[in-house]
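Listed below are the residues making up each chain.
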Amino acid sequence: MANDPSTGIELAEAVTDAEHAELDFLRYATAHLQSRVTELEKQLLETSRDRDTIRHERNLMAQDFQWTLSRLNNSPIAPMLRRMDGFNKLNEKWGQPS
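Residues numbered from 1 in each chain as written. Predicted model: local features only at pLDDT ≥ 70, side-chain atom pairs only at ≥ 80, totals over all residues. Heavy atoms only, no water.

Peer 1: Please clarify how the packing of helix α1 (residues 17-73) against helix α3 (residues 85-94) should be interpreted in this entry.
Peer 2: In helix packing, the relevant descriptors are the interaxial angle and the interaxial distance, both defined with respect to the helix axes. Taken N-terminus to C-terminus, the directions of α1 and α3 make an angle of 130°; their axes are 10 Å apart at the nearest point. When the axis of α1 is compared with that of α3, the two are oblique. Here α1 runs over α3; the crossing is left-handed. Touching Ala62, Phe65, Gln66, Leu69, Leu72 and Asn73 of α1 are Phe87, Leu90, Asn91 and Trp94, all from α3. Considering only residue class, the contact of α1 with α3 consists of 7 nonpolar, 3 polar and no charged. (Axes fitted to C-alpha atoms, helices over the stretch in contact; angles between N-to-C directions. Helix = DSSP H or I, 4+ residues; strand = E, 2+ residues; numbered from the N terminus. Parallel < 35°, antiparallel > 145°, perpendicular 65-115°, else oblique. Left-handed = near helix turned anticlockwise from the far one by under 90°. Contact = heavy atoms within 4.5 Å. Nonpolar A, V, L, I, M, F, W, Y, C, P; charged D, E, K, R; others polar.)

Shown next as structure tokens:
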């Protein structure tokens, strides 16, 4: 089949050694970059899981601290504690809303 200018189709020529070498390099580079992307996606997933775990632990700690403040507010020594600025500041920041 010859080149047909009316269709705009031209037959491809044989691949040269230089083009072969470039294609091999591009295949290698593509494989390397794809493995790097996969590795980074795994790291991102692990980081996201770690962040969620830390957030969950922080929430549990805050709940425990709020529970402790609530118990102190309802204890017999609560009137004496409420006279202390530090305890009142803790209550403002961490205490459960009334």
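On we go.
Peer 1: I tried to follow α1 on my own but got confused; where do I start?
Peer 2: Given 3.6 residues to a turn, an α-helix orients residues that are three or four positions apart in the same direction. Over its 57 residues, α1 runs 83 Å from end to end, which matches the ideal 84 Å to within 8%, given 1.5 Å per residue. Burial in α1 covers these residues: Ala62, Leu69 and Asn73. Those residues of α1 hidden inside the fold are in contact with α2 (78-81) and α3. (Expected span 1.5 Å × (residues − 1). Buried < 20%, exposed > 50% of the residue type's maximum accessible area, 1.4 Å probe, protein only.)

Peer 1: I tried to follow the packing of aromatic side chains on my own but got confused; where do I start?
Peer 2: By convention here, two paired aromatic rings are described through the distance between centres and the angle between planes. Scanning all chains against the criterion turns up 1 aromatic pair. Ring geometry for Phe65 and Trp94: centres 5.8 Å apart, planes at 85°, overall edge-to-face. Here Trp94 lies in helix α3 and Phe65 lies in helix α1, a separation of 29 residues in the sequence. Look at Phe65 and you get partly exposed, because its relative accessible area is 33%. Classification of Trp94 as partly exposed rests on a relative accessible area of 29%. (Phe/Tyr/Trp six-rings, centres within 6.5 Å; stacked < 30°, edge-to-face > 60°.)

Note that all results are geometric; they support no functional claim without further evidence.
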